[in-house]
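Residues per chain are reported as follows:
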Amino acid sequence: MNVRLFEQQDISQTPRPISVLGLPVHLMDDYVGWLVSRLQQKLGTQVVTLNAEMTMQADHNPALARIIAQADLVVPDGSGIVFYCWLQGIRLQRSPGIELAESLLCRCAQLDQPGSVFFYGGAPGVVDQVVREWQQRAPGLRIAGCQHGYLAAADQAEFKQTLKSLQPSIILVGLGVPRQEYWITENRSLCPNSIWIGVGGSLDIWAGTKSRAPAWLRNHHMEWVYRLYKEPWRWRRMLALPQFAWRALLYRLTQRGSVIQ
Ligand code: UDP
């Protein structure tokens, strides 16, 4: 189907996938509203926040590509995805994973029956700071619990049992890509009614151990510059960005974007 036809359709209610180098990205007006309604209906949901780096990882990692393809919601986290869509004639707004998770937690705290959240990931100490931060930010939010991301293999079974007994409404997993995506896929059956989101380094930011790029850099699609400045060891991983841009341009020249049916 032609992308332009797709643009005329109503994308406000249901997530409709478009293809970004063969991976889905869902378009809709209100991701958070949709997630809240899934939460209220107890419809288990796996959310992937896709950026260029992850797209390039999936390009040579079929297991990761499969997980992204099967996720219930894939949001355009990075500027690269927005750029790709722009080349295809689709205008969309970035939906950074950290902002999506923040909005969801804030909305969740205001519900008549507030949902509960579990934080998993980050260095020991970081996740406890995240809990304190969210207790202040959204006092109505029920925090079911937290667990740092460096648990010994021997303690995993007990942790999973705890998660199973808690059945939180939202489970935020910050183990980095693709570890968090693998972990969620393997374990989402423990809490089949929960919203599971891989949040990468968001826990470090909420804990205050890392900072986001200033808004003016974010607004000019330059968040990667800040990341490289703060964490120069990332340079090899970040070579994925020019690779992605090149692939996007090549794709534009050779094919037309399509809606995944
Ligand atoms: N992490 C973790 N357990 C691990 C490896 C990493 O909890 O075994 C955490 C790490 O402390 C950090 C996050 O995963 O908080 C990865 O953050 P990063 O910004 O690298 O995420 P990505 O760029 O992959 O989304």
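Bear in mind that the values here come from a model prediction, so they are computed numbers and not experimental data.

Draft legend 1. Quick peek at the overall build of the protein. Each helix and strand in the protein was counted, giving 14 helices and eight strands. For 261 residues, the compact-globule formula gives about 18 Å, and the C-alpha radius of gyration of the protein, at 18 Å, lands near that figure. Over its C-alpha atoms, taken along the principal directions, the protein stretches across nearly 50 × 40 × 35 Å. Out of the 261 residues in the protein, the part that is buried amounts to 49%. By sequence separation, contacts in the protein at least 24 residues apart represent 71% of the contacts at least 6 residues apart. As presented, the protein carries roughly 13100 Å² of accessible surface, and 53% of it is formed by carbon and sulfur atoms.

Draft legend 2. Spatial organisation of the nonpolar core. Ranked by internal contacts, the top residues of the largest apolar core, which has 35 residues, are Phe119, Ile170, Leu172 and Trp206. Looking at this core, the elements that each hand over two or more residues are helix 2 (31-40), strand 4 (73-76), helix 6 (97-109), strand 5 (116-121), helix 7 (126-137), strand 7 (170-174), strand 8 (195-198) and helix 10 (202-207). Here this core takes seven residues from helix 6, the largest share from any one element. Residue contacts for Phe119: discarding those within four places in its chain leaves Leu105, Val127, Val130, Val131, Trp134, Ile143, Gly145, Cys146, Gln147, Leu172, Leu203 and Trp206. Membership of the second largest hydrophobic core comes to 28 residues, among which are Val48, Ile68, Cys85 and Ala248.

Draft legend 3. Up close: the sheet that holds strand 6 (residues 142-147). Overall, parallel pairing links the six strands, which are arranged 4-3-8-7-5-6 in an open sheet. A single partner strand is all that each edge strand has here, and the edge strands are strand 4 and strand 6. This sheet shows a mean twist of 20° between the axes of neighbouring strands, independent of strand direction. By the bridge criterion, four bridges tie strand 3 (residues 45-50) to strand 4 in an arrangement that is parallel.

Draft legend 4. Up close: helix 6. When the terminal C-alpha atoms of helix 6 are compared, their 18 Å separation across 13 residues agrees well with the 18 Å that a helix rising 1.5 Å per residue should span. The set of residues buried in helix 6 consists of Gly97, Ile98, Leu100, Ala101, Glu102, Leu104, Leu105, Cys108 and Ala109.

Draft legend 5. Fine view of the pattern of salt bridges. Applying the stated rule across the entire model yields 11 salt bridges. Close ionic contact of Glu102 with Arg137 constitutes a salt bridge, the shortest N to O distance being 3.5 Å. You can see Glu102 sitting in helix 6 and its partner Arg137 sitting in helix 7, a full 35 residues away along the chain. Since its relative accessible area comes to 39%, Arg137 is described here as partly exposed. As a salt-bridge pair, Glu231 and Arg227 come within 3.5 Å of each other at their nearest N and O atoms. On the basis of relative accessible area, Glu231 is assigned to the buried category, the value being 8%. The exposure class assigned to Arg227 is partly exposed, which follows from its relative accessible area of 36%. Overlapping salt bridges, with partners in common, bring together Arg94, Glu99, Arg212 and Glu223 in one network.

Draft legend 6. Fine view of the site of the ligand. Every one of the 16 residues lining the ligand counts as a neighbour, but Gly122, Gly149, Asp204, Arg227 and Arg234 are closest to it. Within the backbone of Gly122, an N or O atom sits 2.8 Å from an oxygen atom of the ligand. A distance of 2.8 Å is found between a nitrogen atom of the ligand and a backbone nitrogen or oxygen belonging to Gly149. Against a free-state accessible area of 550 Å², the protein chains account for coverage of 82% of the ligand.

About the cut-offs
- Residues numbered from 1 in each chain as written.
- Predicted model: local features only at pLDDT ≥ 70, side-chain atom pairs only at ≥ 80, totals over all residues.
- Heavy atoms only, no water.
- Helix = DSSP H or I, 4+ residues; strand = E, 2+ residues; numbered from the N terminus.
- Rg over C-alpha atoms; globule rule 2.2 N^0.38 Å.
- Buried < 20%, exposed > 50% of the residue type's maximum accessible area, 1.4 Å probe, protein only.
- Contact = heavy atoms within 4.5 Å.
- Areas by Shrake-Rupley, 256 points an atom, 1.4 Å probe, with all protein chains shown as cover.
- Core = buried A, V, L, I, M, F, W, Y, C linked by side-chain atoms within 4.5 Å.
- Pairing = 2+ DSSP bridges.
- Axes fitted to C-alpha atoms, helices over the stretch in contact; angles between N-to-C directions.
- Expected span 1.5 Å × (residues − 1).
- Salt bridge = Lys/Arg side-chain N within 4 Å of Asp/Glu carboxyl O.
- Near = heavy atom within 4 Å.
- Polar contact = N/O pair within 3.5 Å; in protein donor to acceptor, adjacent residues only side chain to side chain.

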